Every structure is written in structure tokens, then in C-alpha cells.
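The lines below spell out each chain.
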Amino acid sequence: MNVELKVRRVSTRKRSRVTRTHLTPLKKRREGKSPQNRRLMADVKPVECFSDSEDLFGGYDSILDDSSLLAKLDGVEHERQRKHQSTTYTDVDQQDYTSLQPSNAGKQRWTETLTDSILDDLQDEHLEELPSSQLHYLEQIDESVKRSRLQERNQTSTPSRTTDRTETQTNTEANAHRRRSVRRSVSDHLKTTMLCNASAPTNISRSVVLKEAVVSEEISVAMQAMETVSAESPDLGPFFGLPTKVKDLMYKLRGIRKLYDWQETCLNLDCVQQRRNLIYSLPTSGGKTLVAEILILKELLCRKRDCLFILPYISLVQEKVRGLASFGLELDFMVEEYAGSKGRFPPVKRTNKSSLYIATIEKAHSLVNSLIETNRIEKLGLTVVDELHMLGDGSRGATIEMTLAKVLYTSKTTQIIGMSATLGNIRDLQMFLKAENYTNDFRPVQLKEYVKLRDSIYEVDPREEECFKFSRALNFKYSGAMQRIDPDHIIALVTEVIPTHSCLVFCPTKKNCENVAGMICKYLKEEFLQHRQAEKAILLRELRDSGNGSVCPVLKKTVPFGLAYHHSGLTSEERKLMEEAYSSGVLCLLTCTSTLAAGVNLPARRVILRSPYVATDFLKRSQYKQMVGRAGRAGIDSVGESILIVQEKDRQMTKTLVCSPTENCYSHLMHDDGKGLQSLILSLIGLNVATSSDQLREFLHGTLLSVQQEQLCVEKSLWQVVQQSVEVLKEKQLITVASEEHNNTLQVTKLGKATYKGSVDLTYSDVLYRDLWKGLEGLLLNSYLHLVYLVTPYDLISQCRPDWMIYFRQFTLLSAAEQKMSAAVGVPESFVARKAAGQTVKKDVNSAVVTRMYLALVLFSLLKETNLWSVAERFQLSRGFVQTLLSSSSAFCCCVLHFTEELEEFWPFKALLTELTRRLSYCVTAELVPLMEVAGVMESRAKQLYNAGYKTLTHLANADPALLSSTIENLYRTRAQQIVASAKMLLNEKAAALQEEVNELLTTPSDLPQPPPRPLDAPTKKQ
Ligand SMILES: Nc1ncnc2c1ncn2[C@@H]1O[C@H](COP(=O)(O)OP(=O)(O)OP(=O)(O)O)[C@@H](O)[C@H]1O
Ligand SMILES: [Mg+2]
């Protein structure tokens, strides 16, 4: 009994220490860190992961939500940083920090940065805007504070260091603005309460406790408000049912002072307040995300449920994780990243905090599967899907549909919110999700669409018979040579806006992006070179650092003029540098492919579409809308304009493109010969959600495919399609029928289970099985090549054509054992040698295997030397492609790992693939891995941080953002704050995961066999 008590006590103290790490001063934490605790931290295992084919841009990274605001903030920040550096204040501060003997002023500042809420920096003007309910609440608190103040003076059990700090704080606060006293009175009251409770000494900073207490008080007020709210009373509590602190954070972290009218209306809708499902659709840049975020916070804080936020790209997930980590730290919830190779399945069970899972489409599907499997789906209070219209987008659309249909079917309490661009058939989506709809055509900046035909510009006007209304003739004088080089007058169009304003030029191909950027530069005046010259020099230096000394020759020429190109051939570091430089105005023009419009929020004063094609395909209306939607930067431009350059031959098609009604969105479960439907049925059977024909039929009634069956199931009824899919799965030996006694119940085979657990594409599951089986017969373990070959993604094979000379050269560099292994899988040296010599080879080889081995050689070189640039050059591939190959392989490696875990015969792979996943995920030198785990920290930044002394996650989590941004070149304070917040969140997440594990280990099972109750009159058993 004693022992148990002791264990519990340790556990509780440890938990409080762990869960508050982010707000506890570094020194205190060092003092409080027990060896046991340290051991726990060191034992952190790499995160398990699944895979996906989620992105065009792989692990691509991008700017924050409001790039324009960030640009402004960063500009001010930069200026401030410059001034700041020249004052003695920073010098003193740095000296104090490094000597570890801080002066009083320095010490106080340092400690405050580590312990205090960022809200301390906020002006209290928000209080003026408090709703009456909140003011009344504050008055009540004030009253009770007066009553308890006497009691407070006489008692304290807090260690002296904390007391000192509190005194200093109190003195400072005494001089503060009068309005501030309102908030202080709340703190005082709570301080008293906390002190009375503090019978045991604690390592937790008192101000931390107070702040957390204030927030939880506010949350409980909000919760009460939510509970008591009646249909007649629109008063939802301080801020849409949330504490005022959320409003303050929105201002502090986002610069958003007031919601747009439509956002308020939407949040006040009856269906939103009653937590019914909702789809809301608005044009690009309408501010849709904010509404979703407020609803997520309500769910996390007021209902204490977990939330899932689904975004289409890894870059967007990372951006959101970074943006919401500070909210999580301030409001005490977890933010967990599910993208690329990150994410745990099932997620860690948290008893004391809610979690926000931010996931890509594929990871969200795996997450929902794992929640269903572990009976935890009801804990998911809200699922938000951004870009819901992607339901109609190939296999990724099918995955969104499966995920949502499963949530709808298995959890009646999970609310679903979808955000979408305007769609023609939104009613279909409403029927599918049983959702209400809110539509508005609000746009913060007016968008003017133009078309350029020959020398004239026409305004797009659907009311005009011709769709185009003459606006102006282009005013320019081209020489004959220039006319030949630039027949579409792109230079004339861009020089109307740059360098004062920003411009995006969408091009049909990657190569064209580079050519157009180079061409424009040739004709720009010298003055362009002088514009923000110093910052452009820094950018070039950073590009060189990110490329280990190499810079792209095109960028080397264009950047000094303020121009750059942006497409998937660049590494993610390069793209990120371009994005940051563009949003802060250092670059004034980007030439890019259509993927930029979907992936990142980079607005421009003028958007030019160089032609109405993507590669050789004519633009779809949704693509066009995405691209032109980038025009107009909220808060900076009064108007945004788009110009589509059209040739006479495309006039008719362009008319349809710009003036036709919005597109419809259709289910893609039947896409690719019904592969989506088959994998849905497989997982439904595997998860025991539906195991008979009747249950499958019932489930499928709840899909978008069922809503649209009249349009989509023309030749066969939905039911026939389902039966056909079941037969295909049986043929592939992924499912079987249990014996007759079990009513013909369907069940998955081991291979079937491995396939859906590993999220392996049905097309490849049997090939993968065969390859792995063959691999086991002679697994080469003194080199990575064989293992790397086994996890090289099948779907990238079609994107690469080997260069036989390079192939042969690399082949000859392999060891004898490696060459033997290659021959065993089907690529003999003789074949490669003949191909390199240009001979035709009659021998029957499988070309997919040959190309796969070529890709494996690329990966093998990368693992050996970790230099993306030199490997890309050696294989004559774009560095962007090599990076995509690497990230897809790490994701697929996870898939294969989970696949093999379900099949006993593959037991040796478990340990091997776990390590290989880690190596492929962070293909950098080992010391940089912990830093690169932080959302959005890439190799070059990790190197800078490491060299500056921030060597571990813990260093980064405890870093002072101000110091960080003054130490690291070109790292603005806002960005430094985000990095620190993300590191803190990750550290908390890891610590909490370990803590949960400890708790689970120490909890007595509820079904522990108990002795049967003894009847009262039963005689006691005698020995
Ligand atoms: N109330 C507001 N006041 C000021 N700025 C806002 C407000 N709401 C949102 N914004 C800003 O507007 C910008 C665009 O918002 P958001 O990204 O949510 O648009 P969206 O509707 O999702 O557009 P898209 O369809 O392009 O994704 C963001 O930078 C966001 O911070
Ligand atoms: Mg959006």
C-alpha cells in the first residue's frame, strides 16, 4: 500500500513538471530534473509513421497565414533588430547570458522571456472591448479579491527565488497603466487561491500557475455561458464562447483585431452553435481558416475533445503546426503534426489535455482508422477539412471521402466542418455530410480579371455578349529584337508594377518559369539592381549555404534584379527562402507553376497567366480561379488584378474558361477502376465496421458516391459495383468468407490486413509481398542498397528514365556483393553495360525493376554522402526531384514497415525498417536530426542553429526568441518565436507521451479478476 502511494506521488509531481515544461524557467527545470526524468527524456523513440503520396512539393515549407502582415511585421522587426543591435542593452544582455552571471536587469528580462506568457507584451486596450458578460465577471472577481487580500499578505510557502520575482513583478505592475489593474485583480484573486492550496513546495513558477488558472477560469465562464445559452440569447461568452485570451492571442499572433462581418455571421449561425455539420464556401483569401480555427479552439477548450484539421499539403500542415503551436502553449492543448513521416498510430492517449491533430489527407485517413480500431473515435469532437472541393480530385479525393464517411458512420458526436471554394453542386456535398451550407462572395480586396489579346487588354465581364470588354491598349515601344524575344509583351506587363508592387507570373512548365525569369532580367534597367541590394545579397548567401556552396545559375542572375523562379525542381529550402524574400518585398516577382497557387499563400498586386495551359492541357476553371485568386494583398493593395495572356486560336475556349459557371465536384471512389471503393471495402471489413453485404450496403449509403449514383453508376447499380469489388478483393486474396456458421461473414486475410494497415496501394500489395519474400532469401545486410531498393516507391518509377551511361558508371562503383544482389533482383551488370554501349538487348528484363534499381542507386548515394546537390548533379536529375524521391521513400518505408508488422514471416524487417525510416526521413548528419524534427526547420537552418550552440530540441525549446533572432542571420523575431514555440510543443508532446505510458503502466486494469463476493452467511474457509 505504502509503495503504491509513493509511486502515485512521484507520478503526479513528475507529470506536473513535465506538462509545464514550456512555461518553467530553464534554471528551475535544471534544478528539478531528476536522473529518472533525464533518462526518460533520453529514451524518446522516433515517431512512428505511415506514408503517403501526399504532395507535389514533398516536405515543402512555406510562409505564414498572413504573408502581407508578416512581411510588415518582419520589416518592422528587421528595422528594430538593426537599432537594437547598436544599443548597449543587447550587449549587456548577451554578456549576462553567456557568462551565466546575469545582472539584475538582464536576469529579470531573461527569466521573463522564458516564463511569461506572450500576452504580457500586449496592450490592455482589448479590455475596453470586453463584452458585458466578461466585465461583470471581472467585477465579481474584484469584489472577492478585496475580501481575501488580508489573508494573502500573511501566508506564502513559495521558495524565495519565486518570491523575489513576484515582488519585482508586483512593483513593475504597480507602475503600469490603470486599466491593467483590472486584469491584475483577477490574477491576485487566483494567486491567493493557489497559495492557500500550495501546501507542498513546488518547482512550478507561480506566475505560470496563475496564468493557467486565469485561463481555466475564463474557460469555465465560457463553458457556463455555452451551457446556459438559449436560442433567444446571442451572448456566447467573452469571445464566441471562448476566453478573452483567445481574442488577445489572435491580435498578438495574427494581427487580427476584428472579425470580418461574414465570419461573425457564420460563427453565430444556429447550426454552428448547435454543433451541426457545416460547409462554408467563399472565394480565395476570404478568411475561411479563421472561422475553422475558432471552432477548433471551442471544441478543444470548452468541450475538451480532440480535433482533426485536414489540409492538402505537407507545407500547409507544417505552416499550421507552427502557427498554432503558440496557441497550444498558451491555452494548454497539444498540437500534433501528421505529415510526411510524422505522426503516431493510434495517437497517444492523453488524459489531461486535448489534442489538435493537423494532418494531410492520407495521414488523416490512417489516423481515423486507428481511432476506430481502438474504439476512440468518439473522443474526436470535430473534423475540419480545408479545400473540401478536393473530394473531386483523383485518388486523394477518394481518400477524403473514405475518411469522412467513416467518421460519419462510426461517431454520431463528431462534428464535421468543410471549407470550400465556390462549387456548382454544393447540395450533393451537403447531402453527403448531412451539413448546412453558408455561402458568401466576400473578398477583402477587389479582384479585377483581364485578358490580353494581341495589343489590347479586355476586362472579363460575363454580362457582355463577348465576355470581354475592351479596357485599354498596351502602351509600350518594343524594338524588333525585343518583339521577337518577348512576343507576348510580358516585360511590358510586369514593369507596369515592379519593383514597387509585387507580381506573380504563372507559366505552363518548369523550364518556362526559368526562361521567363531570365528573359525579363535581360531587359530590366540598372535601377532594379539597387532596390534592396543588401537584402538580396543576404538572400544569395543563404541560397549558397543551403546548397552547400552551390547556387542555381539562373537564380544567381535573376535575384540581384529582385526576380526568381519557384517550382518543384527547387529544394524545399530554396523555395522557402524565395517565399520569405518575396513576402517581405526583397523579391518583387516570382515566375511559377500552377502548384504555387494551391500550396502557399503568396498574394501579389498583379497576377499574370502566361498562357491558359498547364503543360499541354487547357486550364480547368478551378485552376484558373486558384491562380487569379492570388491577386490583391489584404491590407496593402486596394485592388488586385489578373491578366491572362491568350492567343487568338484559344479565344473561344478562354471565354468558356473565364465565364462559365463554377465546376461540379464528383465522388472519386470509382476512379481508377474502382480502386478507391475496393480499398474502402477492405478497410471496413478489416476494422470490423462492416463485415457482411448488408452492412457494406448500409455503409455505402452514407457516401458521396451514393448521393451521385445516378450520374456515376450508369452501367451498373451501386450495389452491383460493390459486389464486384468484393469479388476482386477475394480474387486478390485480401478477404475471405468465414464459414457458413458465421453467416457468410467477410474477413480480411493476413495480406489484406497488412495492406490496409500499411496504407499500401492495392495495385502493389502482391508485388510488394513477392519482393519482400524474395528479399528475405538473400538479404544483403552489409550495405543499405538492398533495403533501400525494397522501399523505393513503385509509383515514382514512371517519372524517371535512366541515363544508361550514368547507370553503368554507378554500377561499376558497387561492391561485388551489391552487384550480385542487383543481379538477383533482376538487374545484371551485363544488361546495364550493353545499354550503356548503345546496344539493343534482347534479354527479357523487367524495365520497372531496372528503373527501380536506378532510383535505389540515387537514394543509396544520398544516404552515403547526404549532399542533395552533388547527387542530383551526378544523376542529372533536378534537386527537387531527388528531394521528392527521398521524402516519398521515407514515407513508403513506413508503409512497408507496417505492412511487414502484420505478417509473421517478415519479422526480421521490423528492426531494419525502423532504422531505415529514420535515416531516410532526415538524410542529414546525425547531430542535426533532433533540430530538424521541429516543424519547418530545414537543413541549412538546423546547421545555423547547431553552430550557434542550439544543439538539441531542449536547447531550442528553452531559447530566447530575441536572442535567437539576433544571433542567427536573417532570422526574424516572429519566425524565431514560432520555432521556439514549435520546439516547446514537440518537447511537451514527447514528454507527455512518456508520461502517459508511465501512467498506463501503473494503472490497475479495470477488469482485474476479483474474488467472488462472499455470501454473508457463508462459513469462512478453514485451513
Ligand atoms: N478578420 C480578419 N481580419 C484581417 N485579416 C484576416 C481576417 N481573417 C482572415 N484574415 C487574413 O486573410 C488572409 C487570408 O485568409 P485565409 O487563408 O483564411 O483565406 P481563405 O479563405 O482560406 O483563402 P484560400 O481559398 O486562398 O485558402 C490570411 O492572411 C488571414 O490571416
Ligand atoms: Mg484556405
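These lines cover the structure that appears in this document, whether it is placed above or below. Note that this is a predicted model, so its numbers are computed, not measured. (Residues numbered from 1 in each chain as written. Chains lettered and ligands numbered in written order. Predicted model: local features only at pLDDT ≥ 70, side-chain atom pairs only at ≥ 80, totals over all residues. Heavy atoms only, no water.)

What the protein chain contains, in helices and strands, is 48 helices and 19 strands. By residue count, 55% of the 1023 residues in the protein chain fall in the buried class. Sequence-distant contacts, at least 24 apart, represent 74% of the contacts inside the protein chain between residues at least 6 apart. Here the protein chain displays about 46000 Å² of accessible surface, and carbon together with sulfur accounts for 51% of that area. (Helix = DSSP H or I, 4+ residues; strand = E, 2+ residues; numbered from the N terminus. Buried < 20%, exposed > 50% of the residue type's maximum accessible area, 1.4 Å probe, protein only. Contact = heavy atoms within 4.5 Å. Areas by Shrake-Rupley, 256 points an atom, 1.4 Å probe, with all protein chains shown as cover.)

Bringing the pattern of salt bridges into the picture now. For side chains bearing opposite charge, pairing can occur when the charged atoms are close. Summed over the entire model, instances satisfying the criterion amount to 40 salt bridges. The closest approach of N and O atoms between Lys753 and Glu902, which form a salt bridge, is 3.7 Å. Residue Lys753 is located in helix H34 (residues 750–757), and its partner Glu902 is located in the loop between helix H42 (879–901) and helix H43 (909–921); the two are separated by 149 residues in the primary sequence. Residue classification places Lys753 among the partly exposed residues on the basis of a relative accessible area of 31%. Of the residues examined, Glu902 reaches a relative accessible area of 23% and is grouped as partly exposed. (Salt bridge = Lys/Arg side-chain N within 4 Å of Asp/Glu carboxyl O.)

With that settled, the discussion passes to the environment of Leu242. Mapped onto the elements, Leu242 comes out in the loop between helix H10 (206–228) and helix H11 (244–254). In the structure, Leu242 is positioned 60 residues away from Cys302 in sequence and 7.6 Å away in space, judged by C-alpha atoms.

It is worth spelling out the sheet that holds strand E1 (residues 278–281) at this point. Strand order in the open sheet formed by 7 strands is E3-E4-E2-E5-E6-E1-E7, with parallel pairing between adjacent strands. Edge strands, defined here as strands with exactly one partner in the open sheet, are strand E3 (334–338) and strand E7 (436–439). The mean inter-strand angle of the sheet, taken between neighbouring strand axes irrespective of direction, is 15 degrees. Strand direction decides the pairing type here: strand E2 (residues 306–310) and strand E4 (residues 355–359), joined by 4 bridges, are parallel. When the bridges of E4 are listed, Phe309 appears paired with Ile358. Contacts between helix H18 (residues 426–433) and the sheet are confined to E1, strand E6 (415–420) and E7, with E1 contributing the most and set at about 155 degrees to the helix. (Pairing = 2+ DSSP bridges. Axes fitted to C-alpha atoms, helices over the stretch in contact; angles between N-to-C directions.)

Read these as layout, nothing more, since geometry by itself doesn't imply function.
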